[in-house]
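Descriptive structure summary
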Amino acid sequence: MLKILTFSTLYPSAEMPSHGIFVETRLRHLVASGQVQAKVIAPVPWFPFKGERFGEYGKFAATPTAEHRHGLSVTHPRFIRLPKVGMSSAPYTLAWTALREARRLQREGFDFDLIDAHYFYPDGVAAAMVARALDKPLVITARGTDINLIPAYTLPRKMILRAARQADGMVTVCAALKDELVQLGGEADKIQVLRNGVDLALFHPGGRDACRQQLGLAPGRFTLASVGHLIERKAHDLVIGALPQLTDVDLLIAGSGPEEGALRRQAADLGVADRVRFLGPLPQARLREVYAGVDALVLASSREGWANVLLEAMACGTPVAASNVWGTPEVVSGPEAGELMPERTAAGVAAAVRQLRAEPRDRAVTRRYAEQFSWDTTTQGQIDLFQRILAARGMPEFRHA
């Protein structure tokens, strides 16, 4: 059985169950194939104080050092994120922590074949340092802002390209990210597009009326959902800003983050606060209720690699209105999926929503559209990639894989 070490700071924990859940979900499906055994190193920044009043860092401090999640062994060693110079120093402090933990796993009998790293910076850069020290093959998955935003900074860009040259293989979650990585200087032949899938068992259209009742949605009221961290990049403000043009539409916002106060003030200033409800962060089971209950999901982000929320909503039969950025057109590639905004503005949000209402989508057809995005193809793609890399390295058991 192929043994991999999965490495990323984007990974859920008991304290932060939705943090990087897309990495865990992909790994769970990979391990469920029966062809791969994995252990996870998911470092978190060291912080001296626990508690909600310290925000995200307080949650990192409360994260257990080791846990089992869905049958996978996960460790959360601490690394130092230095004030003011954290962006440039993080790959080094992260690599030091990860190397120590990887060597511990080897001493305890888990001599992995390959390092599977997620997010290019700082994670992939740190993983390259660890792989070089241990003489292990390396695969790095690019997921979004690690390629379409961070390389705007000179030093991170140089480190990303150095890691890309060292990597035995790279994965991007959409073709647009592959194109960008190649434009930055990555080798096209080493990059494979493996898009995210959707859990079709968890996200399903059943019990729509019960979901609407559970959410307290008014009968006959057209209701939108905007799901994601409350940060500028997710652009919840554009969705709120569209409501004065959509006078009979309500909005649910699921997520938490530093922009919540500003978003609440915006809703009040626009006179739409009575039509906007903040649900806070929700586990995936509760998100299914939201997706299944509302009439449309809106995603107005400025950057997305492969937005999982779009497929999750579609799997629940709910069409989407999404900004036409990066990998999103690859997700919303047919009318049954929903609408791409004509422009990424409040007016663009309103126009896409009006189009959805003018041409209602058959929820059963939207569900069938999502069903083409199971995890099976992605899982097999990973296995094939890993086997090719190990065979090329001359590992006997993989030479004829």
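Conventions we followed
Residues numbered from 1 in each chain as written. Predicted model: local features only at pLDDT ≥ 70, side-chain atom pairs only at ≥ 80, totals over all residues. Heavy atoms only, no water. 1 Å grid on protein atoms, 1.4 Å probe; cavity = no way out; pocket = protein on both sides within 12 Å on 5 of 7 lines; lining within 4 Å. Points joined across faces, edges and corners; volume = space filled by probe spheres on them. Nonpolar A, V, L, I, M, F, W, Y, C, P; charged D, E, K, R; others polar. Pairing = 2+ DSSP bridges. Helix = DSSP H or I, 4+ residues; strand = E, 2+ residues; numbered from the N terminus. Axes fitted to C-alpha atoms, helices over the stretch in contact; angles between N-to-C directions. Contact = heavy atoms within 4.5 Å. Buried < 20%, exposed > 50% of the residue type's maximum accessible area, 1.4 Å probe, protein only. Patch = residues over 30% accessible without salt bridge, like charges linked within 9 Å, V, L, I, M, F, W, Y side chains within 5 Å. Areas by Shrake-Rupley, 256 points an atom, 1.4 Å probe, with all protein chains shown as cover. Salt bridge = Lys/Arg side-chain N within 4 Å of Asp/Glu carboxyl O. Lys, Arg positive; Asp, Glu negative; His and termini not counted. Charge placed at Lys NZ, Arg CZ, Asp CG, Glu CD. Parallel < 35°, antiparallel > 145°, perpendicular 65-115°, else oblique. UniProt positions renumbered as here; feature names shortened; annotations may be inferred.

Some points on empty space enclosed by the protein
The final tally for this structure, using the stated rule, is 2 cavities of 30 Å³ or more. Of the volumes computed, that of the largest cavity is approximately 40 Å³. Lining the largest cavity, in full, are Leu5, Phe7, Ile41, Ala98, Ala102, Ile115, Ala127 and Val130. Looking at the lining of the largest cavity, its residues break down into 8 nonpolar, no polar and no charged. Estimates place the volume of the second largest cavity at around 40 Å³. Surrounding the second largest cavity, Thr9, Tyr11, Ser13, Met16, His19, Ala42, Pro43, Val44, Phe60, Thr63 and His76 form its lining. In terms of residue class, the lining of the second largest cavity is built from 6 nonpolar, 5 polar and no charged.

Brief notes about the sheet that holds strand E15 (residues 320-322)
Taken in spatial order, the 6 strands line up as E13-E12-E11-E14-E15-E16 in an open sheet, and their pairing is parallel. Lying at the two open borders of the sheet, with one neighbouring strand each, are strand E13 (276-280) and strand E16 (338-340). For this sheet the average axis-to-axis angle between neighbouring strands, irrespective of direction, equals 20 degrees. Bridge count for E15 against E16 is 3 bridges, and the pairing is parallel. Its bridge partner being in E16, alanine 321 is matched across the sheet by glutamate 339. Helix H12 (residues 308-315) rests against strand E11 (222-227), strand E14 (296-299) and E15 of the sheet, and its axis sits at about 175 degrees to E14.

Notes on the sheet that holds strand E9 (residues 169-172)
Strand order in the open sheet formed by 8 strands is E4-E5-E2-E1-E7-E8-E9-E10, with mixed pairing between adjacent strands. Every interior strand has two partners, whereas the edge strands, strand E4 (66-69) and strand E10 (191-193), have only one. Within this sheet the neighbouring strands show an average axis-to-axis angle of 25 degrees, counted without direction. Where strand E7 (residues 114-118) and strand E8 (residues 138-142) come together, 4 bridges link them in parallel fashion. Across the sheet, residue alanine 117 finds its bridge partner in E8, namely isoleucine 140. The sheet contacts of helix H1 (residues 21-32) involve strand E1 (2-7), strand E2 (36-41), E4, strand E5 (72-75), E7, E8 and E9, and relative to E2 the element is tilted by about 155 degrees.

Some points on the pairing of E13
In E13, alternate side chains face the same way, and those of Val276, Phe278 and Gly280 are buried while those of Arg277 and Leu279 on the opposite face are not. One ladder, built from 4 bridges, connects strand E12 (residues 249-254) with E13; its direction is parallel. Bridging across to E13, isoleucine 253 finds its partner in phenylalanine 278.

Here's the deal with the side chain of glutamate 101
Looking at the element boundaries, glutamate 101 is found in helix H3 (residues 86-107). Relative accessible area serves as the criterion here: at 12%, glutamate 101 is assigned to the buried category. Setting aside chain neighbours within four positions, we find glutamate 101 in contact with Ile41, Thr75 and Pro77.

Notes on a positive patch on the surface
A contiguous patch of positive charge, built from Arg132, Lys158, Arg162 and Arg165, is present on the exposed surface. If you tally residues by element for the positive patch, the top one is helix H6 (residues 154-166), at 3 residues. Looking at the element boundaries, arginine 165 is found in helix H6. The exposure class of arginine 165 is exposed, given its relative accessible area of 54%.

Topic: the packing of H1 against helix H16 (residues 376-392)
Contact geometry for H1 and H16: axes closest at 9 Å, N-to-C directions at 75 degrees. The orientation of H1 relative to H16 falls into the category roughly perpendicular. Between H1 and H16, the residues in contact are Arg26, His29 and Leu30 and Thr378, Thr379, Gln382, Ile383 and Phe386, respectively. The class makeup of the residues in the contact of H1 with H16 is 3 nonpolar, 4 polar and 1 charged.

Regarding the UniProt feature "domain: Glycosyl transferase family" (unreviewed entry) in the chain
As recorded in UniProt, the sites labelled "domain: Glycosyl transferase family" (unreviewed entry) are residues 209-372. Taken end to end, residues 209-372 has its terminal C-alpha atoms 26 Å apart, with 41% of it in helix and 16% in strand.

Looking at the pattern of salt bridges
What the rule picks out here adds up to 17 salt bridges. The closest approach of N and O atoms between lysine 190 and glutamate 187, which form a salt bridge, is 3.8 Å. For lysine 190, a relative accessible area of 15% puts it in the buried group. One salt bridge in this structure joins glutamate 304 and lysine 234, with 2.6 Å as the shortest N-O distance. Here lysine 234 lies in the loop between E11 and helix H9 (236-242) and glutamate 304 lies in the loop between E14 and H12, a separation of 70 residues in the sequence. Note on accessibility: glutamate 304 and lysine 234 belong to one class, buried. Each of the salt bridges in this network shares a partner with another, and the network as a whole consists of Glu101, Arg104 and Glu108.

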